[in-house]
Amino acid sequence: MKHLIKSFAAFAIIALVGCGGKEEKKEDSSVKIRAKPKTEVKQEAPAKSDVKPSQMVDLTNKGVGPIKNVELGETIDQAMAAKGAEVFKMNCTACHKTDKKFIGPAPKGILERRTPEWIMNMIMDPEGMVNNDPLAKALLMEFNGSPMANQNMTEEQSRQILEYFRTL
Amino acid sequence: MKKSINIAIALVMAAGMVSCNDSGKQNGKKGSQGGLSTNAAERVYVAPGEHDEYYGFFSGGYTGNLTVYGLPSGRMLKEIPVFSQFPTNGYGYTEETTPMLNTSFGFVPWDDSHHPDISQTNGELDGRWIFINGNNTPRIARIGLESFKTEEIIEIPNSAGNHSSSFITENTEYVVAGTRFSVPVPQRDMSINEYKGQFKGALTFINVDQETGRMGIKFQLMMPGFNYDLSHPGRDKSHGWFFFTTYNTEEAHTLLEVNASQNDKDFIAAVNWKKIEEYVNNGGGKKVPANYAHNIMDENTHTATSTMIKEVLTVDPLDVPGAVYFLPTPKSPHGCDVDPTGEYIIGNGKLSADLTVHSFTKMIDAIENKKFDGEAYGIPILNFEDILAGVVKQPGLGPLHTEFDNKGNAYTTFFISSEVVKWKVGTWEVLDRQPVFYSVGHGMIPGGNSRKPFGDYFVAMNKITKDRYLPTGPEMEHSAQLFDINGDKMELLLDFPTHGEPHYAAGIPAEIVAPKSKKIYKLADNKHPYASLSNSDVRVERNGKEVHVYMNMIRSHFNPDNIEGIKVGDKVYFHVTNLEQDFDVPHGFAVIGANTAELLVMPGATETLTWEPKKVGVWPIYCTDFCSALHQEMQGYVRVSPADSDIELSWSLGED
């Protein structure tokens, strides 16, 4: 029921956006209903590259969430990574295979594209990230609108998973 | 639209009040309390997103369950399955939960639940557990107030009509279960008209482990063959005693509506359980053969086990001198209520014109000075006048039950005259009376059965609904009415329908319970033998005609979602684990043609649905709980081949 209500709310928002200006692209969610659409906005949108959000490299964005700063050791902490592998197996493998796209993206090589903070924030608060981080939101759309589940990971567990990702 | 209806109703009501001034006295009198002239609506309004002040746990009566309401809004929050099958979540259908309903009579899928009572420490509500009785096939259940799930059920042997139950002592030392119907003990083939003097009434004291809540029968007190109707613990000064009302002290076995109303006085049985406990701890009592079920839900395996126990310790009251006395009480008393100080014991004689109040102090004095007025089956009867504290004179007709506030007042429900009467404990003076609609059974004040009541609200649980709501055909829900009791006069605030037939309720401030409410089950703690906690556990195994599917699910797919190699005549066990670890993300599981119910699996839990496919074909499975934007995609197929097929078992997810 709650989900239904949420869906109705979503429809309502869509309807509102629809009323505001039909000619606008739907990804512009910050639309002001009364404002006339500017043609420049339209031109900006296609300026996006063809690179999929999952392949985009962004090594400055720390995401939005509880993690502000993570120091990675020079070498991989193998004990921590082993714990991370265990946590990952129980909580994440229903949707993630390490080396290929499954329900969600593969974590292999993730540190070449994302900051450690972004990764941990995504693990710890996926809903918050989708709401507040444009890249996380773009990823949701790339992956069929299938939301990443919040597995209630502690900061320690998330850090262990991050260390495990370094081994992949 | 709603506003215009309200205005229309207001107009009709106003018109009704004017025109009914001489004929409809009750309506006229109530006019001064209508929603128009008070802020009643505001006082029960809980704004969207806000929470109620109190949990109210209402027995479900013939639903066999326990319903949870928010007070003062009267909003129903949950139905907790206890003694009855509950297809909504599979309770009583799944492999894990069917043992909970096992009894010495086999699987019993229904009961009649009556009197919930919340655990206490030092006479105050502590919110650890709530207990409730099954009346028909005598059982007591314990529900955990972190999970709001039935965690344990124990059957009561030698009992029938488990009605004077389930009330607890003030440190939850015991849950007490008394039999309403006396029966032959042990049961045997005998003539019904040999009842008198032959039947026994068992009063059962079940001890409670303070860490785990686990119950075990400590002893059964084998009393004369009366009907034991209701009971309450002594508290504070009377802690260590327990009081039971009796009726049918005539020991009639037919036409009780006449034959059980002959005596001027029946009894309240006063039981010194501490004395009997000591006797039992010193090796007293007699172990007799019995056969009763003890069912426990393990939170880590998510699975219940049922154990049959073959022996019970019985105590003959005559073997423990000074342990049991009878307090004469007019006339077929129903409720047996003890005030918060523990001094007063109220007998609600349902055929009596007056309410009788016994004094605990005087009772002890009468016992010490042997002020007896004969005996019944060897049990001393105390002299009525010597133990009487007072009488509430002609307060109404048909008193059933009395509840207490925190200001020294008592509130008695009157079924026949359909009212709640407030009176002063100690002076016995009637302070207020309010009509209820219609014919109230029990009433409830949160903490009203403890040393520390919370005197904000009184809820009347009415037995007759008639015209209080939009008509719904001949069968209706019962009706509760909420009164504000903070002032000198009770003020009616709200009507709300209740599910089944609540016989009693227990309320508790939300702040005691809400903070510890469980949100998910941790996957790491899941010890279900058939759990598939990660995808490497996913598999399908055949053992003869039994097929076990180790399946898991997360938004928004089942793994596996394609299964082949099942055959007609197989018995397929879908062991489904919900891998979510987020609050309020259950997934459902249903399969076409299953002769059971769905599964509703909470995050981190494993449940099992049994399916015996009867037809060849490719049959769908799907998630029944709208779980995500891709919920409609959460489905799969099971191929069922003929019984003689040689197709091997196979399973997959995301493979072509």
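Calculation criteria
Residues numbered from 1 in each chain as written. Chains lettered and ligands numbered in written order. Predicted model: local features only at pLDDT ≥ 70, side-chain atom pairs only at ≥ 80, totals over all residues. Heavy atoms only, no water. Buried < 20%, exposed > 50% of the residue type's maximum accessible area, 1.4 Å probe, protein only. Helix = DSSP H or I, 4+ residues; strand = E, 2+ residues; numbered from the N terminus. Pairing = 2+ DSSP bridges. Axes fitted to C-alpha atoms, helices over the stretch in contact; angles between N-to-C directions. Parallel < 35°, antiparallel > 145°, perpendicular 65-115°, else oblique. Contact = heavy atoms within 4.5 Å. Nonpolar A, V, L, I, M, F, W, Y, C, P; charged D, E, K, R; others polar. Polar contact = N/O pair within 3.5 Å; in protein donor to acceptor, adjacent residues only side chain to side chain. Buried area = accessible area lost by both parts, 1.4 Å probe. Salt bridge = Lys/Arg side-chain N within 4 Å of Asp/Glu carboxyl O. pLDDT = per-residue confidence, 0-100. 1 Å grid on protein atoms, 1.4 Å probe; cavity = no way out; pocket = protein on both sides within 12 Å on 5 of 7 lines; lining within 4 Å. Points joined across faces, edges and corners; volume = space filled by probe spheres on them. Expected span 1.5 Å × (residues − 1). Phe/Tyr/Trp six-rings, centres within 6.5 Å; stacked < 30°, edge-to-face > 60°. Arc of directions from axis to C-beta. UniProt positions renumbered as here; feature names shortened; annotations may be inferred. Domains from an automatic or database assignment.

(A) Highlighting the pairing of strand E11 (residues 174–178) of chain B. Residue and element names in this part refer to chain B. Of all 5 residues in E11, 5 are buried; the element is thus mostly enclosed. On E11, burial covers both faces: Tyr174, Val176 and Gly178 on one face and Val175 and Ala177 on the other are all buried. Pairing of strand E10 (residues 164–168) with E11, which is carried by 3 bridges, proceeds in the antiparallel orientation. Within E11, the residue paired with Phe167 across the bridge is Val176. Linking E10 back to E11 in an antiparallel pair, the connection comprises 5 residues, with Thr172 at a positive phi of about 55 degrees.

(B) Region of the structure containing the packing of helix H3 (residues 78–91) of chain A against helix H7 (residues 155–167) of chain A. Residue and element names in this part refer to chain A. Put simply, H3 and H7 touch, their axes get as near as 7 Å, and they point 105 degrees apart. Judged by the angle between their axes, H3 and H7 are roughly perpendicular. Seen from H3, the contacting residues are Gln78, Met80, Ala81, Lys83, Gly84, Ala85, Val87 and Phe88; seen from H7, they are Gln157, Arg159, Gln160, Ile161, Glu163, Tyr164, Phe165 and Thr167. Of the residues that constitute the contact of H3 with H7, the class distribution is 8 nonpolar, 5 polar and 3 charged.

(C) Summary view of the sheet that holds strand E32 (residues 478–484) of chain B. Residue and element names in this part refer to chain B. Read from one edge to the other, the open sheet built from 4 strands follows the order E30-E31-E32-E33, with strand pairing classed as antiparallel. At either end of the open sheet lies a strand with only one pairing partner, and these are strand E30 (440–444) and strand E33 (491–498). Strand-to-strand, the axes of this sheet are offset by a mean angle of 25 degrees, without reference to chain direction. With 7 bridges connecting them, E32 and E33 associate as antiparallel partners. Following the sheet pairing, Ala480 is matched in E33 by Phe496.

(D) Structural context of the side chain of Ser158 of chain A. Residue and element names in this part refer to chain A. In this fold, Ser158 is placed in helix H7. Taking the relative accessible area as the measure of exposure, Ser158 reaches 0% and is therefore buried. A polar side-chain atom of Ser158 sits 2.8 Å from the main-chain carbonyl oxygen of Thr154. Setting aside residues up to four positions removed in sequence, Ser158 forms contacts with Met120, Ile123, Met124 and Met153.

(E) The interface of chain B and chain A, seen in detail. Between chain B and chain A, the contact holds 22 residues from the first and 20 residues from the second. Taken together, both faces of the contact between chain B and chain A bury some 1800 Å²; the carbon and sulfur share is 56%. Considering only the side of chain B, the residues that lose the most area to chain A are Arg555, Gln581 and Phe626 of chain B, jointly responsible for 27% of the buried surface there. At the junction of chain B and chain A, the tally comes to 0 salt bridges.

(F) Examining the confidence of the model for chain A more closely. Residues and elements named next belong to chain A. Scored by pLDDT, chain A comes out at a mean of 80, with 71% of its residues at no less than 70. Between residues 6–29, whose pLDDT stays under 50, and residues either more than four places distant or in other chains, the model counts 11 contacts. Segment residues 39–47 is flagged for pLDDT under 50; beyond a separation of four residues in sequence, or across chains, it makes 2 contacts in the model.

(G) Geometry of empty space enclosed by the protein. What the rule picks out here adds up to 4 cavities of 30 Å³ or more. Approximately 630 Å³ is the volume attributed to the largest cavity. In terms of lining residues, the largest cavity is bounded by 33 residues, among which His96, Gly104, Pro105, Met122 and Met148 of chain A are the most central. For the lining of the largest cavity, the secondary-structure elements that each account for two or more residues are H3, helix H4 (116–124), helix H6 (134–142) and H7 of chain A. The element best represented in the lining of the largest cavity is H4 of chain A, accounting for 4 residues. Class assignment of the residues belonging to the lining of the largest cavity gives a composition of 24 nonpolar, 6 polar and 3 charged. One number sums up the size of the second largest cavity: a volume of about 70 Å³. What lines the second largest cavity is a set of 13 residues, among which Asp117, Gly447, Asn449, Ala506 and Gly507 of chain B lie closest to the centre. At the level of elements, strand E6 (117–121) and strand E34 (505–509) of chain B are the ones that each hand at least two residues to the lining of the second largest cavity. Its residues assigned to classes, the lining of the second largest cavity shows 7 nonpolar, 4 polar and 2 charged.

(H) Local environment of H7 of chain A. Across its 13 residues, H7 of chain A extends 19 Å between first and last C-alpha, which sits within 8% of the 18 Å expected from 1.5 Å per residue. Every buried residue of H7 of chain A is accounted for by Ser158, Arg159, Gln160, Ile161, Leu162, Glu163, Tyr164 and Phe165 of chain A.

(I) Highlighting the packing of aromatic side chains. One pass over the structure, following the stated rule, counts 38 aromatic pairs over all chains. On the basis of an interplanar angle of 50 degrees and a centroid distance of 5.4 Å, the ring pair of Phe88 of chain A and Tyr164 of chain A is categorised as tilted. With Phe88 of chain A in helix H3 and Tyr164 of chain A in helix H7, this pair connects stretches of sequence that are 76 residues apart. For the pair formed by Phe88 of chain A and Tyr164 of chain A, the shared burial category is buried. Ring geometry for Tyr55 of chain B versus Phe148 of chain B: centroids 5.6 Å apart, planes at 50 degrees, classification tilted. Separated by 93 residues along the polypeptide, Tyr55 of chain B in strand E1 (residues 54–59) and Phe148 of chain B in the loop between strand E8 (139–144) and strand E9 (149–155) bring together distant segments of the chain.

(J) Structural view of the pattern of salt bridges. Counted under the stated rule, the structure contains 22 salt bridges over all chains. Between Lys237 of chain B and Glu343 of chain B there is a salt bridge whose closest N-O contact spans 3.0 Å. Highlighted residues: Lys237 of chain B in the loop between strand E14 (227–233) and strand E15 (241–247) and Glu343 of chain B in the loop between strand E20 (333–338) and strand E21 (344–349), separated in sequence by 106 residues. Asp365 of chain B is the salt-bridge partner of Lys371 of chain B, the closest N and O atoms lying 3.1 Å from each other. We classify Asp365 of chain B as partly exposed; its relative accessible area is 32%. Each member of the salt-bridge network shares a partner with another, and the members are Arg159, Glu163 and Arg166 of chain A.

(K) Representation of helix H6 (residues 360–368) of chain B within the structure. Residue and element names in this part refer to chain B. Residues of H6 that are buried include every one of Phe360, Met363, Ala366 and Ile367, and no others. Along H6, the residues classed as buried sweep out an arc of 120 degrees about the axis, all on the same side. Sitting at the amino-terminal end of H6 is Ser359, which places a side-chain oxygen 3.3 Å from the backbone nitrogen of Thr361. Lys370 occupies a position one or two residues after H6 and carries a positive phi of about 50 degrees.

(L) A look at the UniProt feature "domain: Cytochrome c" (unreviewed entry) in chain A. Per the UniProt record, "domain: Cytochrome c" (unreviewed entry) is annotated on residues 79–168 of chain A. The straight-line gap between the two end C-alpha atoms of residues 79–168 of chain A is 15 Å; of that span, 57% is helix and 0% is strand.

(M) A look at the domain arrangement of chain B. All names here are of chain B. Partitioning chain B into structural domains gives domain 1 (2–22 + 47–516) and domain 2 (523–652). For domain 1 and domain 2, the distance between their C-alpha centroids amounts to 42 Å. At the interface, 12 residues of domain 1 touch 16 residues of domain 2. Between domain 1 and domain 2, a total of about 1100 Å² is buried, with carbon and sulfur atoms accounting for 52% of that surface. If you sort the residues of domain 1 by the area they bury against domain 2, Glu95, Glu96 and His302 come out on top, with a joint share of 38%. In this assembly, domain 1 and domain 2 are joined by 0 salt bridges. Taken together, domain 1 and domain 2 are joined by 5 residue pairs in polar contact (both at pLDDT 80 or more).

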